[in-house]
Amino acid sequence: MKSVVDADSIDPSRQFVRDVKRIIVKVGTAVVTRADGRLALGRVGALCEQLKELSSLGFEVVLVTSGAVGVGRQRLKFRKLINSSLADLQKPQIELDPSACAAVGQSSLMALYDALFSQLDVNSSELLVTDNDFKSPEFRRQLADTVNFLLDLKVIPIFNENDAISTRKSPYEDSLGVFWDNDSLGALLALELEADLLVLLSDVDGLYSGPPSDPKSKLIYTYDERIHEGAITFGDKSRVGRGGMTAKVKAATHASSAGVPVVITSGFMANNIIKVVEGKRIGTLFHQDAHLWSSVHETDAREMAAAARECSRRLQALTSEDRRKLLLDVADALEANENLIMDENRADVDSAKVAGYDKALIHRLALKPEKITALAKSVRTLAEMDKPIGRVKRRTELSDGLILEKLSSPLGVLLIVFESRPDALVQIASLAIRSGNGLLLKGGKEAKRSNAVLHKVITSAIPDTVGEKLIGLVTSRDEIPDLLKLDDVIDLVIPRGSNKLVSQIKESTKIPVLGHADGICHVYVDKSADIVMAKGIVLDAKVDYPAACNAMETLLVHKDISSSEEFIGILKQLQVEGVTLYGGPNASTLYNIPKATSLHHEYSSLACTVEIVDDVRQAIDHIHQHGSAHTDCIVAEEIEAAEEFLAKVDSAAVFHNASTRFCDGARFGLGAEVGISTSRIHARGPVGVEGLLTTRWVLRGKGQVVNGDKGVVYTHKNLPTESP
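Remember, predicted model here, so these are calculated numbers, not experimental data.

How each quantity is defined
- Here, residues in each chain are numbered from 1, in the same order as that chain's written sequence.
- Thresholds applied to this predicted model are a pLDDT of at least 70 for local features of residues and 80 or more for the giving and counting of side-chain atom pairs; totals over whole chains, interfaces and linings are not thresholded and use all residues.
- Side-chain descriptors were evaluated using all non-hydrogen atoms of the structure, hydrogens and water having been removed beforehand.
- Secondary structure is summarised from DSSP: a helix means a run of H or I of at least four residues, a strand means a run of E of at least two, and numbering begins at the N terminus for each.
- Only protein chains enter the area calculation, which uses a 1.4 Å probe; residues under 20% of their type maximum are buried, those over 50% are exposed, and those in between are partly exposed.
- Whether two residues touch is decided by their heavy atoms; if any such pair falls within 4.5 Å, the residues are in contact.
- Shrake-Rupley sampling with a 1.4 Å probe provides the accessible areas, and residues are treated as covered by the protein chains on show and by no other component.
- Pairing between two strands is assigned when DSSP locates at least 2 bridges connecting them.
- Helix axes are fitted to C-alpha atoms over the stretch in contact, other axes to C-alpha atoms as well, and angles between N-to-C directions run from 0 to 180 degrees.
- Definition used in this section: a nonpolar core is a set of buried Ala, Val, Leu, Ile, Met, Phe, Trp, Tyr and Cys residues joined via side-chain atoms within 4.5 Å.
- The domain limits used here are those given by an automatic or database domain assignment.
- Each of two parts loses accessible area, computed with a 1.4 Å probe, when they are put together; buried area is these two losses added.
- Just to be clear on terms, a salt bridge is a Lys or Arg side-chain nitrogen sitting within 4 Å of an Asp or Glu carboxyl oxygen.
- Whenever two N or O atoms come within 3.5 Å, that pair is a polar contact, provided that in protein one can donate a hydrogen and the other can accept it, and provided that, for residues adjacent in sequence, both atoms are side-chain atoms.
- Amino acids are sorted into nonpolar (Ala, Val, Leu, Ile, Met, Phe, Trp, Tyr, Cys and Pro), charged (Asp, Glu, Lys and Arg) and polar (every other residue, Gly among them).
- One fewer than the residue count of a helix, multiplied by 1.5 Å, yields its expected span.
- Arc definition: it is the arc formed by the directions from the helix axis to the C-beta atoms.
- Stacked, edge-to-face and tilted are the three classes for Phe, Tyr and Trp ring pairs, Trp counted by its six-membered ring, which pair at centre distances within 6.5 Å; planes under 30 degrees apart are stacked, over 60 edge-to-face, the rest tilted.
- Lysine NZ or arginine CZ positioned within 6 Å of the ring centre and within 35 degrees of the ring normal marks a charge as sitting over the ring.

Chemist: I'd like to hear about the overall build of the protein chain, residue by residue, with values.
Modeler: Within the protein chain one finds 24 helices and 24 strands. Looking at the protein chain residue by residue over its 724 residues, the buried ones come to 52%. Summarising the internal contacts of the protein chain: among those between residues at least 6 apart in sequence, 74% fall at separations of at least 24. Taken as a whole, the protein chain presents about 33400 Å² of accessible surface, with 51% of it coming from carbon and sulfur.

Chemist: Would you mind going over the sheet that holds strand S2 (residues 60-65) in detail, with residue names and values included?
Modeler: Hydrogen bonding along the main chain pairs the strands of a sheet, whether they run parallel or antiparallel. Taken together, 8 strands build an open sheet; the order of strands is S3-S4-S2-S1-S5-S7-S8-S6 and the sheet is mixed. Strands with a single pairing partner mark the edges of an open sheet, and in this sheet they are strand S3 (123-129) and strand S6 (222-223). Here strand S7 (residues 262-266) pairs with strand S8 (residues 284-286) via 3 bridges, running antiparallel. Opposite Ile264, over in S8, you have Thr284 as the bridge partner. Against the sheet, helix H2 (residues 41-56) contacts strand S1 (22-27), S2, strand S4 (155-161) and strand S5 (197-202), and its axis sits at roughly 155 degrees relative to S2.

Chemist: I'd like a rundown of the nonpolar core, residues and numbers included.
Modeler: In this structure, Leu439, Leu441 and Ile471 are the most contacted members of the largest nonpolar core, which totals 51 residues. At 8 residues, helix H16 (residues 423-435) tops the list of elements feeding residues into this core. Every residue in contact with Leu439, bar those within four places of it in the chain, is listed here: Ala308, Leu414, Ile416, Ile428, Ala429, Ala432, Leu470, Ile471 and Gly472.

Chemist: Describe the domain arrangement of the protein chain, listing the residues and the values that go with them.
Modeler: Taken domain by domain, the protein chain holds domain 1 (15-292), domain 2 (299-386 + 406-507) and domain 3 (521-673). Placing the centre of domain 2 and that of domain 3 at their C-alpha centroids yields a distance of 33 Å. On the side of domain 3, 7 residues touch domain 2, which itself brings 12 residues to the contact. Between domain 2 and domain 3 the total buried area reaches about 750 Å² when both faces are included, carbon and sulfur atoms providing 58% of it. The interface formed by domain 2 and domain 3 holds 0 salt bridges in total. At the junction of domain 2 with domain 3, the criterion picks out 1 residue pair in polar contact (both at pLDDT 80 or more). Listing elements by their share of the side of domain 2 that touches domain 3, those giving two or more residues are helix H14 (359-365), helix H15 (369-383) and H16. Grouping the amino acids of the side of domain 2 that touches domain 3 by side-chain chemistry returns 5 nonpolar, 4 polar and 3 charged.

Chemist: I'd love a proper account of the pairing of strand S18 (residues 607-613), names of residues and values included.
Modeler: Taking burial as the measure, the 7 residues of S18 include 7 buried ones, the bulk of the element. Neither face of S18 is exposed, since Ala607, Thr609, Glu611 and Val613 on one face and Cys608, Val610 and Ile612 on the opposite face are all buried. With 5 bridges joining them, strand S16 (residues 552-558) and S18 adopt parallel strand pairing. Counterpart to Leu556 in the pairing with S18 is Glu611. One ladder, built from 4 bridges, connects strand S17 (residues 580-583) with S18; its direction is parallel.

Chemist: With reference to specific residues and values, describe H15.
Modeler: Given a rise of 1.5 Å per residue, 15 residues ought to cover 21 Å, and the 21 Å separating the end C-alpha atoms of H15 matches this to within 8%. Restricting attention to buried positions, one finds in H15 the residues Ile372, Leu375, Ala376, Ser378, Val379, Leu382 and Ala383. In an axial view of H15, the angular spread of the buried residues amounts to 160 degrees, which keeps them on one side of the axis. In H15, the exposed positions angled more than 90 degrees off the buried face are occupied by Glu370 and Lys377. Where H15 is buried, its residues meet helix H12 (320-336), helix H13 (338-355) and H16.

Chemist: Just give me the short version of the pairing of strand S15 (residues 521-525), but keep the residues and values in it.
Modeler: By the criterion of burial, S15 is predominantly enclosed, with 5 of the 5 residues buried. Neither face of S15 is left uncovered, since the one carrying Cys521, Val523 and Val525 and the one carrying His522 and Tyr524 both have all their residues buried. Note that S15 and S16 share 5 bridges and pair parallel. Pairing of His522 across the sheet is with Thr554, part of S16.

Chemist: Residue-level account of helix H17 (residues 448-460), with values.
Modeler: Over its 13 residues, H17 extends 18 Å from the first C-alpha to the last, a length consistent with the 18 Å expected when each residue adds 1.5 Å. Three or more residues of H17 are buried, namely Ser450, Asn451, Val453, Leu454, His455, Val457, Ile458 and Thr459. Residues of H17 that are buried in the fold lie against H12, H13, strand S11 (413-418), H16 and strand S13 (471-473).

Chemist: Could you give an account of the packing of aromatic side chains, naming the residues involved and the relevant values?
Modeler: All chains considered together, the criterion is met by 7 aromatic pairs. Ring geometry for Phe567 versus Tyr591: centroids 6.3 Å apart, planes at 40 degrees, classification tilted. Of the two residues, Phe567 is situated in helix H21 (residues 565-576) and Tyr591 in helix H22 (residues 587-591); the sequence distance between them amounts to 24 residues. Side by side, Phe567 and Tyr591 carry an identical accessibility label, which is buried. Over the aromatic face of Tyr221 sits the side chain of Arg281, whose NZ or CZ is 3.8 Å from the ring centroid.

Right, dumping it as structure tokens:
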């Protein structure tokens with residue numbers, strides 16, 4: 001059997017998936033139908049695709065489906081409606097018989113499964129059962145034999161309770177039968193067929209500590225009966241179906257206590273069944289050994305964020321001098337632990353090479369002794385900056401004896417998601433400390449050893465009066481979706497990484513996101529450019545650090561010098577340096593180079609696009625159309641052209657006669673940066689301490705009241721910001 005399991009990505013509590021071969025998947029009515037009762041074709045199709053993929057990988061898959069009663073009810077109601085007169089519609093409507101609904105809906109439901117599986121070249125089979133069937137030992141033996149035979153033939157058996165002939169009047173209340181709904185049928189089949197895993201798909205992400213609609217409710221990743229039984233407040237049951245989450249928990253505890261692991265997860269999210277089999281930390285796990293796993297329990301996402309906020313308030317209460325000393329201690333700790341940091345980083349680099357990561361990522365991943373020294377220096381630079389917190393930005397006398405101040409203030413709790421570069425952890429952590437913010441960090445798995453040791457070194461320097469939980473390290477990628485939901489305790493998300501990463505985060509949260517999705521930086525060489533200067537700038541912008549987001553990705557040139565020997569020399573030197581050139585529509589023909597697949601492309605490597613433009617205005621238009629509003633440069637001696645470029649290019653950073661590589665927090669004198677923002681709200685360009693601050697208002701009075709503004713004489717006089 002092939003495996004979908006990456007050993008390094010399995011959550012500690014999901015190690016059992018390594019041995020899973022036979023899987024029972026139960027899908028409820030709320031998943032297979034829409035709110036109007038019609039079949040949810042997209043969700044059912046996605047379900048079938050996942051089951052097909054698992055089957056093709058060698059897993060034995062059995063499906064237990066609900067939905068026949070709901071589908072039948074919708075069809076019968078529609079047929080009754082179109083055949084009714086106006087007088088009929090005015091009469092009291094009689095509730096449709098559930099058995100009749102099941103009989104009508106079952107054929108429609110199975111027809112859909114058959115059609116979808118047929119499109120995927122998979123055979124499926126229908127098995128309808130009742131609880132009375134299981135009272136017969138002969139039936140149970142025959143059932144097991146039939147299912148085993150079907151699975152050997154790569155057929156997916158589809159079970160449903162035969163509600164059309166069920167004799168139970170209130171099956172969801174009947175605890176005396178063999179099973180009482182399709183959740184318990186799934187649990188029963190898991191035991192009868194000796195399954196290795198039962199997955200119960202729901203309309204929510206899993207089992208919560210309270211109603212899922214309550215923002216204070218927490219998703220329970222591992223159910224421990226000793227802790228959670230009796231401590232959970234269940235919400236309303238599903239809009240359709242029988243027992244809701246209560247029934248699922250009952251079925252899950254029954255199966256897990258007998259040795260079959262169970263995961264309750266959402267059937268609305270893409271590929272959740274695959275993710276469960278991969279060992280991802282999604283949904284709620286029920287396992288007979290759950291009580292033994294306290295050692296691998298990870299701090300709840302909300303608790304981690306709340307702890308960071310509490311510690312940040314203690315940090316803010318320190319004097320500016322104490323915060324300065326804290327950063328100096330961090331810098332000393334980095335240098336004192338250089339050998340330990342380097343050992344862990346070398347292990348990460350070696351693993352990355354074995355895994356076949358590209359050279360650009362490995363370059364970003366690697367730390368060198370001089371880098372540790374530079375990081376410590378940047379931390380000390382931050383420590384010596386003017387105090388950022390509580391600085392009076394504006395002081396106004398509103399009325400006699402009524403003084404209003406606008407003060408700088410920390411944002412609160414930051415969530416930073418970054419890839420590859422462990423040095424980013426140091427920069428971000430030191431900026432958070434200087435700005436008084438709590439911090440949650442999630443680095444790439446390729447740097448997990450480096451990130452872990454750097455986090456340990458930095459937090460060890462934080463005094464107990466503040467608390468090491470000021471900076472939390474998120475170790476599992478599966479925790480990110482939960483953190484992105486915490487808009488009440490996390491104040492800003494800053495993603496640092498690929499376009500895909502940034503886009504995914506922006507689409508997944510209500511929390512404000514600061515950052516950039518692309519770093520498509522341009523250098524425009526004007527006809528008035530000093531060509532020797534241009535050569536130096538172009539080579540530096542591309543070759544100095546090709547993987548950086550401020551590296552040149554597109555080289556624009558004025559048409560009047562595009563064929564000059566001097567400019568051709570620049571292109572040749574780029575090639576000598578190992579840069580692969582791609583051309584826009586004009587340049588590809590003139591220079592006989594491959595045509596760029598897109599003019600909006602970030603290579604992050606030794607490659608770039610070259611294009612020819614008519615003049616500075618066309619260069620500006622090109623940048624606006626194909627750029628990413630990051631950093632763009634003009635090389636020109638003509639001041640009028642340069643000033644037009646600087647004034648009209650709408651990017652976070654615009655340079656004249658200087659390499660785009662200067663767009664960096666440390667080079668700008670910010671000490672460090674959490675990233676470079678192309679947003680137009682709050683902060684733009686390299687984001688240092690100032691970008692991690694907001695403001696608040698402080699009003700000092702002497703007993704003044706508004707009272708309809710009677711007797712209040714407003715002066716609105718601007719006062720010096722320095723304290724008198």
